[in-house]
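A structural walkthrough
Residues per chain, in single letters:
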Amino acid sequence: LLFGHQIKAVVSTQSTGDRKKTKTAQVVTKPSNVAPKTLAKSTSAHITISQCNVLIWVIDARSVKECLCEEVSSSITDAKKSIIYVLNKIDLVPFSVVRKWYTVLSKIAPTFLMKSTQIILTECEQIIPALKQTLARFGGAKPLLNHLKDTYTEATKIGVIGTKQVGKSCVVSTLLKSCGRTKAKRSTDTKLNENLRLATTPGVMESEGSGLLHVMNDISKYMNYAPEVLTALSKVIREEDAMFHFTLPEYSHPEEFLDALSTRYNMFYDKAPDHAAVGRLILKQLRDSQLKFYVQSPDVTELAAVPEDVMKDMEKFIYQGDALPLTDAKLDIV
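Residues numbered from 1 in each chain as written. Predicted model: local features only at pLDDT ≥ 70, side-chain atom pairs only at ≥ 80, totals over all residues. Heavy atoms only, no water.

**Topic: the overall build of the chain**
Put simply, the rule reads: Put simply, DSSP H or I for four residues or longer makes a helix, DSSP E for two residues or longer makes a strand, and each gets a number counted from the N terminus. Throughout this description, buried means an accessible area under 20% of the type-specific maximum (1.4 Å probe, protein chains only), exposed means over 50%, and partly exposed covers the range between. Any two residues having at least one pair of non-hydrogen atoms within 4.5 Å are treated as being in contact. A 1.4 Å probe and the Shrake-Rupley method give the accessible areas. Residues count as covered only by the protein chains that appear here.
From N to C terminus, the chain includes 15 helices and 16 strands. Counting every position in the chain, which comprises 334 residues, the buried fraction comes to 42%. Restricting to contacts in the chain with at least 6 residues of sequence separation, those with at least 24 account for 74%. Carbon and sulfur atoms make up 49% of the accessible area of the chain, which amounts to about 19200 Å² in all.

**With respect to the nonpolar core**
What counts here: Among buried residues, those of type Ala, Val, Leu, Ile, Met, Phe, Trp, Tyr and Cys that are joined through side-chain atoms within 4.5 Å constitute a nonpolar core.
Formed by 90 residues in total, the largest nonpolar core has its most connected members in Trp57 and Leu113. Once residues within four sequence positions are removed from consideration, leucine 113 is found in contact with Leu87, Ile90, Phe95, Val98, Tyr102, Gly139, Gly140, Val306, Val310 and Met314.

**Overview of the environment of valine 97**
With respect to the element layout, valine 97 can be found in helix α4 (residues 95-106). Residues valine 97 and serine 297, spaced 200 residues apart in sequence, show a C-alpha to C-alpha distance of 6.6 Å.

**Things to note about the packing of aromatic side chains**
Keep this limit in mind: Geometry of aromatic contacts follows a simple scheme: Phe, Tyr and Trp rings, the Trp one being its six-membered ring, pair when their centres are within 6.5 Å, and the pair is stacked under 30 degrees between planes, edge-to-face over 60, tilted otherwise. In this scheme, the term charge over a ring applies when either NZ of a lysine or CZ of an arginine sits within 6 Å of the ring centre and within 35 degrees of the ring normal.
Counting across every chain of the model gives 3 aromatic pairs. Residues phenylalanine 246 and phenylalanine 257 carry aromatic rings whose centres are separated by 5.9 Å and whose planes lie at 70 degrees to one another, so their mutual orientation is edge-to-face. Pair noted here: phenylalanine 246 is in helix α12 (residues 239-246) and phenylalanine 257 is in helix α13 (residues 257-264), with a separation of 11 residues, a long-range link. Phenylalanine 257 shares its class with phenylalanine 246; the two are buried. Taking the centre distance of 6.4 Å and the plane angle of 40 degrees together, the rings of tyrosine 251 and phenylalanine 257 count as tilted. Taken as a pair, tyrosine 251 and phenylalanine 257 share a single burial class, namely buried. Seen from the ring of phenylalanine 317, lysine 115 lies directly overhead, with NZ or CZ sitting 5.1 Å from the centre.

**With respect to unusual backbone geometry**
The phi torsion of most residues other than glycine is negative, and most of the peptide bonds are trans. Omega for the peptide link from histidine 253 to proline 254 comes to 5 degrees, which places this bond in the cis form. Tracing the backbone through its elements, the reader meets proline 254 in the loop between α12 and α13. A positive phi angle is found at lysine 89, which is not glycine, with a value near 60 degrees. On the secondary structure map, lysine 89 appears in the loop between β7 (82-88) and α4. When its relative accessible area of 10% is taken as the criterion, lysine 89 is described as buried. A positive phi angle is found at lysine 271, which is not glycine, with a value near 65 degrees.

**Concerning the environment of serine 63**
To keep it simple, the criterion reads: Contacts described as polar in this section are N or O atom pairs within 3.5 Å, which, within protein, must combine one atom able to donate a hydrogen with one able to accept it, while residues neighboring in sequence count only if both atoms come from side chains.
Its location among the elements puts serine 63 in the loop between β6 (54-60) and α2 (64-67). Each C-alpha atom of the pair serine 63 and lysine 330 lies 9.8 Å from the other, and the pair is 267 residues apart in sequence. When near neighbours in sequence (up to four residues on either side) are disregarded, serine 63 contacts Leu213, Val295 and Ala329. Among the polar contacts listed, one links the side chain of serine 63 to the side chain of glutamate 66, at a separation of 2.8 Å.

**Structural notes on α4**
Inclusion rule: By this rule the span expected of a helix is its residue count minus one, scaled by 1.5 Å.
For α4, with 12 residues, the first-to-last C-alpha span of 16 Å sits near the 16 Å given by 1.5 Å per residue. Turning to α4, its buried residues are Phe95, Val97, Val98, Trp101, Tyr102, Thr103 and Leu105. Buried-residue contacts for α4 involve β6, α2, β7, β8 (111-113), β15 (293-295) and α15 (308-314).

Below is the structure:
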């Protein structure tokens, strides 16, 4: 068998004197090897919206505006379906910023907080990997599950949507683990209880923004354009913040931002500041969460109170350190 086609095997003729005997041609057929079908890891957000009654919208707390989409929000509203916001990766952002975004989002729809896995995975170096994975998945799932069970008492299908790399699969896994369930191998949804079913294939939305999250999602591409990314980044960083977080001396901002960084990290090529090398260094720090950042939230006069059950579940994951504030979510990379 070659590429699923039939091969005719002709047996050679035998001759005895003048008499020839020829055996008829035999056809040898083997079934083609068909690989077993595997379920897709993600699907379009519009498909998830059409199939589910409740949509869990996962948002990266570092750049909320990049994770929102008016078109998707309108389609959910027009279909008369429910939205639940999950503000994820709150352990990478100062909690004061989380409170402001929680206040803004909770006015639109029920909002819950969840943690990223990155802090625990890097700090608990002495714990075995399997235990690290188990610990990292349970941050903020219980309040969300309790809300789902109390609110939806009839048959309801729940879907998870969001832009790329915001933690959609982590949210699905966390919800399943909290219920003692595992992801079904041959089904696109899993039963949470008698009334709730969770679509285990998250829906992916296209990001409307072109900010730092967009750069980090395609970091291998932007490594080749590191100076251009840092030039665009300098326009959304205030001079005092740049000097504090990168320990820079006084300089003319933003024109001399790359030169100041090259001097700070002692990166020169042929006695000139090596903008490409220092740009790649900063991008790696952002990718590995060594350099934390966030896009500033809108001014909120009165902060909403985070429910006690949410605070109790998330208290040990709250981040009170510093992070680099960005004045805008959009980067004009030229």
